[in-house]
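Commentary on secondary and tertiary structure
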Amino acid sequence: MKLRTLLVYGFAATSLACSTAVQARHSVDKKLLERGRYLVRIGGCNDCHTAGYAESGGKTPESQWLEGNPVGFQGPWGTTYPANLRLYMQKLSLAQWLKAARKPLRPPMPWFNLRVMPDADLHAIYAFIRQLGPAGKPAPLYVAPGHNATSPYIVFVPQNLPKTASRH
């Protein structure tokens, strides 16, 4: 009888500990995902990586966020298209994302903003995008300078600016 009682209490204690650990993990994950959602929103990720987001004043449903954009940006670098981040992130481990987030990319991607983000923020962005799940199609491929892009693009060419531009 004592052995049975000990087993029951041991099982109950183990179940309680596991349940508490799962609840704590869920709480941390929820905070991480909320931080990721916030950073994606204020970082302007949707402006380019979600078709129609800027035009709708940010009213695109979250279920359609970050599926890439068939409208590219053309300049001296060629024509670039905002990637489908939901497909992209599914292929990467967190370590691969942290490394990739700090590498230079073609304009107009503000990769220099990602480069200075702390790992914790990049982790939150990664977790949030991955939890959205894969959706959409891959964005059109990069088109080198001097080649014709076959999908829509915005001409994004800086004008000649004075060496000391006034900032007001």
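To start, this report covers the structure provided alongside it.

The rules behind each value
- Residues numbered from 1 in each chain as written.
- Predicted model: local features only at pLDDT ≥ 70, side-chain atom pairs only at ≥ 80, totals over all residues.
- Heavy atoms only, no water.
- Phe/Tyr/Trp six-rings, centres within 6.5 Å; stacked < 30°, edge-to-face > 60°.
- Helix = DSSP H or I, 4+ residues; strand = E, 2+ residues; numbered from the N terminus.
- Buried < 20%, exposed > 50% of the residue type's maximum accessible area, 1.4 Å probe, protein only.
- Pairing = 2+ DSSP bridges.

Glancing now at the packing of aromatic side chains. Tallied over the full model, the rule gives five aromatic pairs. Ring centres 6.0 Å apart and planes at 65° place the aromatic pair W65 and F128 in the edge-to-face group. Of this pair, W65 sits in the loop between α2 (45–49) and β1 (72–75) while F128 sits in helix α6 (residues 119–132), and the two are 63 residues apart along the sequence. Classification of W65 as buried rests on a relative accessible area of 2%. Measuring from ring centre to ring centre gives 5.9 Å for F73 and F156, while their planes differ by 80°; the resulting arrangement is edge-to-face. Taken as a pair, F73 in strand β1 and F156 in the segment after β3 (153–155) lie far apart in primary sequence, 83 residues in all. An aromatic cluster is present here, built from Y53, W65 and F128 joined pairwise through their rings.

Neither face of β1 is exposed, since G72 and Q74 on one face and F73 and G75 on the opposite face are all buried. As paired strands, β1 and β3 are joined by three bridges and run parallel to one another. Directly across from Q74, in β3, lies its bridge partner V155. Here β1 runs beside strand β2 (residues 78–80); their pairing, made up of three bridges, is antiparallel. Looking at the pairing, Q74 lines up with T79 of β2. Between β1 and β2, which follow one another and run antiparallel, lie two residues.

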